Amino acid sequence: MLLEIENLRASVEGKEILKGINLRIPAGEVHAIMGPNGSGKSTLSSVIAGKDGYEISGSIRLDGEEIMDWAPEIRSRAGIFLAFQYPVELPGVGLSSFLRACVNESRKHRGEPELDASAFLALMREKATLVELSQELIRRPVNQGFSGGEKKRNEIFQMAMLDPKMAILDETDSGLDIDALRIVAEGVNKLRHAERSMLVITHYQRLLEYIIPDRVHVLMDGAIVMNGDRNLALTLEEKGYDWIRAEQEVSS
Amino acid sequence: MTNRPHAVQSVDKLRKQVPPNFRDEDWKYTQFPHFQQYKIQPPSVPGIGKGIPPSDLPIPSIDEAWVVVVRNGVIQPHLSHLPEPSSGISVCSLPGTQMGPSEESELGRGAIALKHGHYFSQWALEQNAAGLLIEVKKNVVAQKHLLIHTINDIPESESVLPCHHVIQLGPNASLTFSEVMEGIGAGMSLSLHEIHMGFGSSLKHNQLQLWGNTHECIQQVLVNQEKESQYAHFAYCAGGGKVRNQLTVSQEGPFAHTELTGLVLPGAGEHLDNQTLMRHCTPNCSSRQRYRALVGHNGTSVFNGKVFVDPEAQKTDAYQHHASLLMHETAVSNAKPELEIYADDVKCSHGATTGMLDAGEIHYMRSRGLSEIQARMMLQDAFVRDLLDSLPVETLRSWCLNHCVDRLHALNQLTV
Ligand SMILES: Nc1ncnc2c1ncn2[C@@H]1O[C@H](COP(=O)(O)OP(=O)(O)OP(=O)(O)O)[C@@H](O)[C@H]1O
Ligand SMILES: [Mg+2]
């Protein structure tokens, strides 16, 4: 099992947001999480990535190793990648020098030699083509002045550069135009392979037509209330979330 | 100012004055209350061999530049390489003689300072402080960079070494002029610069202030710009116990342009105060001011940027921005823009930001694999690098970059 989450709880200032999440993602699988606004999807991804500021309990294991106490950078170097719902602008920090430092940190962690300037440049060119990120954007500071869609594209570009085991994409589709959605989704598909798992958070079935998930989970009010295959996404698209709420009330 | 009675009056008036105190808005954060008791350290010849510049400073070789080494107010001929007479540029000691009307008009000594000099500049005038007279003749475009390396060794506190430089650029003259300023000991370096810029002339003026952390400094740079002249000042203020820099630029002819850029790095216990007064006196002039302060643990930065636009100065385009980055809760930054605009058809904008590094930015960087310290360093580096890019002399720029990086390492060690 690549990622195992057990009874994960998280609260902020006494308010419980994640209320006992259980989730298992085998290597190579793509899982989707859907759920209403405010249900805790971004909180779940932040907690997996190691953001501080939450009171947490439970367990998160990567490749069988408990990572709850790991700093965010250690999780990243160990292969967790979070594509942010709201990517952050880094004033004045050039994208290529930033990524070069990041890539080399992961390589050091894996015991690989650092990339020299020309090898790094070649890697950047290759990965930029994957999501059709223009060379002009690469020369700019990270996300500074990028449009909403460009920022999302840049997240997937960074994912491609960092080559993670476990990628979490938090609403990467929102803000992308129709063509960009296709390009980014195709890029993501090219990154699918037997040793890489993905957790795709989205509100829309459309993304899942491109990136076909192995499993779909519904997160409501801080807990996973339903699991299914890709057809669950179609049902949600059609019926919304109310019927799940109704079903839950009946069962409780 | 060739008017002697005025000069005498001014100096007389000064005798009765006391140094500015905290009630004076411009001196609110930085005062030198015991200045009147300071001893004057006369220019002195140091012991043989003492004047050799430390090799880690960005002093270019004499093939690349004209270099003048001034130690404790005395030119060190064996370390200096003055411009050849054929270069059209002359550098000589400013006569420490009494001011007289004829000399004044010839040299412009005191001409700006009597009008716009603050208490300490007027004091330096009154003392007939020694210094350099640098003249670039009409239409001369300097073929080399001119660098003055000032080393002031003033061990005793409450003692002051005054100096007064006059720089004159004839019409259409052009020069890149840098100063590397070192101050050792707890004494004070007090310097007054008067810069006259003729029609269409251009001066790139860079100052690297590398005062020791107990050294005091009061400096005023006074610039008069005639029509179509261009003055660019770059300040790298990397230290000092208590430092007060004042830059006063008057645009006296149309289509003059001024760029003032400063990077200020106060470390532990250091107090660095930079003030600018941009005087737009004629139409169609522009100015651009960019200052940044990276303030370490227990450091203080003060910035006061005044822009004055005369009623005549229509079509003025003035921009000012100040940003400070505080590296610790104990870091202090007092920044104040001040706009006095009396013309109606002008474009004046200003902005100021101050704060610590953004936690969201650091988290984003960590989530991509950088350690917290790497993330901080990278953000701080970006903050300073952007400004350093406008330092026009490559050797100085790369030296400052390295110096900054070392500085950031040291500051971060104190912070975490
Ligand atoms: N730092 C915080 N302080 C207080 N409340 C928070 C904090 N972070 C999240 N919350 C709250 O937790 C809940 C879940 O937020 P979260 O961002 O995880 O939702 P989401 O499922 O990602 O929503 P969306 O679909 O709108 O992106 C929301 O009610 C939100 O207001
Ligand atoms: Mg969200």
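See the structure printed just above.
Quick notes on the rules
- Every residue gets a number counted from 1 within its own chain, in the order that chain's sequence is written.
- Labels follow written order: the first chain is A, the first ligand is 1, and so on.
- For a predicted model such as this one, the threshold for reporting local features is a pLDDT of at least 70, and the threshold for listing and counting side-chain atom pairs is 80 or more; totals across whole chains, interfaces and linings nevertheless cover every residue.
- Note: side-chain values were computed over all heavy atoms of the structure, leaving out hydrogens and water.
- Working definition: residue near molecule or strand if any one of its non-hydrogen atoms lies within 4 Å of it.
- Two N or O atoms form a polar contact when they lie within 3.5 Å of each other; inside protein one atom must be a possible hydrogen donor and the other a possible acceptor, and for residues adjacent in sequence the pair counts only when both atoms belong to side chains.
- Method for areas: the Shrake-Rupley scheme with a 1.4 Å probe, in which residue coverage is limited to the protein chains shown.
- Helical segments are the DSSP runs of H or I of at least four residues, strand segments are the runs of E of at least two, and each set is numbered from the N terminus.
- Residues were grouped as follows: Ala, Val, Leu, Ile, Met, Phe, Trp, Tyr, Cys and Pro as nonpolar; Asp, Glu, Lys and Arg as charged; and all remaining residues, including Gly, as polar.
- Note on classification: 1.4 Å probe, protein chains only; a residue is buried when its accessible area is under 20% of the maximum for its type, exposed when over 50%, partly exposed between these limits.
- Neither His nor the chain termini are counted; the positive set is Lys and Arg, and the negative set is Asp and Glu.
- Any Lys or Arg side-chain nitrogen found within 4 Å of a carboxyl oxygen on Asp or Glu counts as a salt bridge.
- Residues are treated as being in contact if the distance between any of their heavy atoms lies within 4.5 Å.
- Each aromatic pair joins two rings of Phe, Tyr and Trp (for Trp, the six-membered one) with centres within 6.5 Å, and gets the label stacked for planes under 30 degrees apart, edge-to-face for over 60, and tilted for any other angle.
- We count a charge as sitting over a ring when the NZ of a lysine or the CZ of an arginine lies within 6 Å of the ring centre and within 35 degrees of the ring normal.
- Buried surface area refers to the total accessible area, computed with a probe of radius 1.4 Å, that the two partners give up upon joining, counted for both partners together.
- For two strands to pair, DSSP has to find at least two bridges joining them.
- In this analysis an axis means a line fitted to C-alpha atoms, helices contributing only their contacting stretch, and an angle means the value between N-to-C directions, from 0 to 180 degrees.

Chemist: Which residues make up the site of ligand 1, and what values go with them?
Modeler: All names here are of chain A. Around ligand 1 there are 14 residues in total, and Gly38, Lys41, Ser42, Thr43 and His203 lie nearest to it. One nitrogen or oxygen atom from the side chain of Lys41 is found 2.7 Å from an oxygen atom belonging to ligand 1. Between ligand 1 and the protein, one listed contact pairs an oxygen atom with a side-chain N or O atom of His203 at 2.9 Å. Contact with the protein chains covers 64% of the free accessible surface of ligand 1, which is 630 Å². In terms of residue count, the dominant contributor to the shell around ligand 1 is helix H1 (residues 41-49) (three residues). Considered class by class, the residues forming the shell around ligand 1 number three nonpolar, eight polar and three charged.

Chemist: Go over the side chain of Glu361 of chain B with me, naming the residues and quoting the values.
Modeler: Tracing the backbone through its elements, the reader meets Glu361 of chain B in helix H5 (residues 359-366). Buried charged residue Glu361 of chain B carries no salt bridge. Nearest counter-charge: Arg376 of chain B, at 10 Å. Setting aside residues up to four positions removed in sequence, Glu361 of chain B forms contacts with Val88, Glu89, Leu90 and Pro91 of chain A together with Leu379 of chain B.

Chemist: Can you explain the packing of aromatic side chains? Please cite residues and give values.
Modeler: Tallying each qualifying case throughout the model produces ten aromatic pairs over all chains. Ring plane angle 45° and centroid distance 5.4 Å describe the contact between Phe35 of chain B and Tyr38 of chain B, whose orientation is recorded as tilted. Here Phe35 of chain B and Trp123 of chain B contribute two aromatic rings whose centre-to-centre distance is 4.9 Å and whose plane-to-plane angle is 80°, an arrangement assigned as edge-to-face. Residue Phe35 of chain B is located in the loop between helix H1 (4-16) and strand E1 (39-40), and its partner Trp123 of chain B is located in helix H4 (residues 119-126); the two are separated by 88 residues in the primary sequence. Given a relative accessible area of 2%, Phe35 of chain B falls into the buried group. Trp123 of chain B sits in the buried class, given a relative accessible area of 11%. By way of ring pairs, the aromatic residues Trp27, Phe32, Phe35, Tyr38, Tyr119, Phe120 and Trp123 of chain B are connected into one cluster. Taking the ring centre of Trp243 of chain A as reference, the NZ or CZ of Lys239 of chain A above it sits at 4.7 Å. The cationic tip of Arg244 of chain B hangs over the ring face of Trp27 of chain B; the distance from NZ or CZ to the ring centre is 3.7 Å.

Chemist: Break down the interface of chain B and chain A for me, with residues and values.
Modeler: Between chain B and chain A, the contact holds 16 residues from the first and 29 residues from the second. For the pair chain B and chain A, the summed buried area comes to about 1800 Å², and 64% of that belongs to carbon and sulfur atoms. Where chain B meets chain A, there are two salt bridges. Linking chain B with chain A are eleven residue pairs in polar contact (both at pLDDT 80 or more), by the criterion used here. Secondary-structure elements contributing two or more residues to the side of chain B that touches chain A are H5 and helix H6 (372-388) of chain B.

Chemist: Describe the sheet that holds strand E3 (residues 30-34) of chain A, listing the residues and the values that go with them.
Modeler: Residue and element names in this part refer to chain A. An order of E6-E7-E8-E3-E9-E10 is seen for the six strands of this open sheet, with the pairing classed as mixed. Of all strands in the sheet, those bounded by a partner on one side alone are strand E6 (80-83) and strand E10 (223-228). When the angles between neighbouring strand axes are averaged without regard to direction, this sheet yields 20°. The sheet contact formed by E3 and strand E9 (residues 215-220) spans four bridges and is parallel. Following the sheet pairing, Ile33 is matched in E9 by His217. Docked against the sheet, H1 engages E3, E6, strand E7 (166-170), strand E8 (197-201) and E9, running at close to 145° with respect to E6. Lying on the sheet, helix H6 (residues 148-162) is in contact with E6, E7 and E8; it crosses E6 at an angle near 170°.

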